[in-house]
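One letter stands for each residue in the lines below.
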Amino acid sequence: MSESQPKPVVKRAEDVEYEAVGAADGMSKGVLLDASDGAPNFAIRRFALDAGASVPKHTNEVEHEQYVLSGTYTVGIDDEEYEVSEGDSLLIPAGVVHWYRNEGDEEGSFLCAVPNGDDAIQVLDEE
């Protein structure tokens, strides 16, 4: 392994800290791996969306690839709404309006991969 290559990392679940997502009511985020762990290109995050929780319409400067781990919830992307559940995958392109709503009785969770670096989030006014 050369000096320019990243070193392997194994990060245990109990070492991941979760925090509330600011603009979202009932969503938490844990960063599984990112640049601070030596990952050179991408960050992988795990989000949990509580039963009854919602995330307002917003945009991000970077693309998101998501994989649903558990639960069933609604994801709005542009002008469409999609009911997603375990095993579903999503691509949310950079700059596209999206939102989340969990009307179920169980938590929904998903993995989200994004490029490392800054990601300006813009919350849009509700109409």
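Cut-offs and rules
Residues numbered from 1 in each chain as written. Predicted model: local features only at pLDDT ≥ 70, side-chain atom pairs only at ≥ 80, totals over all residues. Heavy atoms only, no water. UniProt positions renumbered as here; feature names shortened; annotations may be inferred. Helix = DSSP H or I, 4+ residues; strand = E, 2+ residues; numbered from the N terminus. 1 Å grid on protein atoms, 1.4 Å probe; cavity = no way out; pocket = protein on both sides within 12 Å on 5 of 7 lines; lining within 4 Å. Points joined across faces, edges and corners; volume = space filled by probe spheres on them. Nonpolar A, V, L, I, M, F, W, Y, C, P; charged D, E, K, R; others polar. Contact = heavy atoms within 4.5 Å. Salt bridge = Lys/Arg side-chain N within 4 Å of Asp/Glu carboxyl O. Core = buried A, V, L, I, M, F, W, Y, C linked by side-chain atoms within 4.5 Å. Buried < 20%, exposed > 50% of the residue type's maximum accessible area, 1.4 Å probe, protein only. Phe/Tyr/Trp six-rings, centres within 6.5 Å; stacked < 30°, edge-to-face > 60°. Lys NZ or Arg CZ within 6 Å of the ring centre and 35° of its normal.

- Going by the annotation in an unreviewed UniProt entry, the name recorded for the protein is Cupin domain-containing protein, with Halogeometricum salsisoli given as the source organism.

**Remarks on the UniProt feature "domain: Cupin type-2" (unreviewed entry) in the protein**
Logical step 1: The residues that UniProt annotates with the feature "domain: Cupin type-2" (unreviewed entry) are residues 47-113.
Logical step 2: In the segment residues 47-113, helix accounts for 0% and strand for 70%; the C-alpha atoms at its two ends are 11 Å apart.

**So, the layout of surface pockets**
Logical step 1: Estimates place the volume of the largest pocket at around 510 Å³.
Logical step 2: Listing elements by their share of the lining of the largest pocket, those giving two or more residues are β1 (18-20), β2 (25-33), β3 (42-60), β4 (64-70), β8 (98-101), β9 (108-115) and β10 (121-123).
Logical step 3: Residue contributions to the lining of the largest pocket peak at seven residues, all from β3.
Logical step 4: For the lining of the largest pocket, the class distribution of residues is 19 nonpolar, seven polar and five charged.

**Some thoughts on the side chain of Thr59**
Logical step 1: Mapped onto the elements, Thr59 comes out in strand β3.
Logical step 2: Setting aside anything within four residues of it in sequence, one finds Thr59 in contact with Gly95, Val96, Val97, His98, Ala120, Ile121, Gln122 and Leu124.

**Notes on the pattern of salt bridges**
Pairing between side chains becomes possible if they bear opposite charge and their charged atoms approach one another.
Logical step 1: In this structure the tally under the stated criterion is four salt bridges.
Logical step 2: Between Asp37 and Lys11 there is a salt bridge, with its nearest N and O atoms 3.3 Å apart. Of this pair, Asp37 sits in the loop between β2 and β3 while Lys11 is found in the segment before β1, placing the two residues 26 residues apart along the sequence.
Logical step 3: Linked by salt bridges that have partners in common, Glu81, Arg101 and Glu103 make up one network.

**Concerning the environment of Glu17**
Logical step 1: Within the element layout of this structure, Glu17 appears in the segment before β1.
Logical step 2: Distance in space between the C-alpha atoms of Glu17 and Gly30 is 5.6 Å, their sequence separation being 13 residues.
Logical step 3: Leaving out residues up to four positions away in the same chain, Glu17 has contacts with Lys29, Gly30 and Val31.

**Quick word on the nonpolar core**
Logical step 1: Judged by nonpolar contacts, the single largest core of 20 residues is most densely connected at Met27, Leu49, Tyr73, Val75, Tyr100 and Phe110.
Logical step 2: In terms of residue count, β3 provides more of this core than any other element does, five residues in total.
Logical step 3: Apart from residues no more than four positions distant in its own chain, Tyr73 is found in contact with Leu49, Val68, Tyr82, Glu83, Val84, Tyr100, Arg101, Asn102, Gly108, Ser109 and Phe110.

**Here's the deal with the packing of aromatic side chains**
Logical step 1: Under the definition given, this model contains three aromatic pairs.
Logical step 2: Relative to Phe110, the ring of Phe47 lies with its centre 5.2 Å away and its plane at 15 degrees, an arrangement referred to as stacked. On the criterion of sequence distance, the pair formed by Phe47 in strand β3 and Phe110 in strand β9 is long-range, its members being 63 residues apart. Each member of the pair, Phe47 as well as Phe110, is classed as buried.
Logical step 3: Ring centres of Tyr100 and Phe110 lie 5.4 Å apart, and the angle between their planes is 15 degrees; on these two criteria the pair is classed as stacked. Placement of the pair is Tyr100 in strand β8 and Phe110 in strand β9, with a sequence separation of 10 residues. The pair Tyr100 / Phe110 is uniform in exposure class, with both members buried.
Logical step 4: Taken together, the ring pairs connect Phe47, Tyr73, Tyr100 and Phe110 into an aromatic cluster.
Logical step 5: Positioned above the aromatic ring of Trp99, the side-chain terminus of Lys57 is 4.8 Å from the ring centre.

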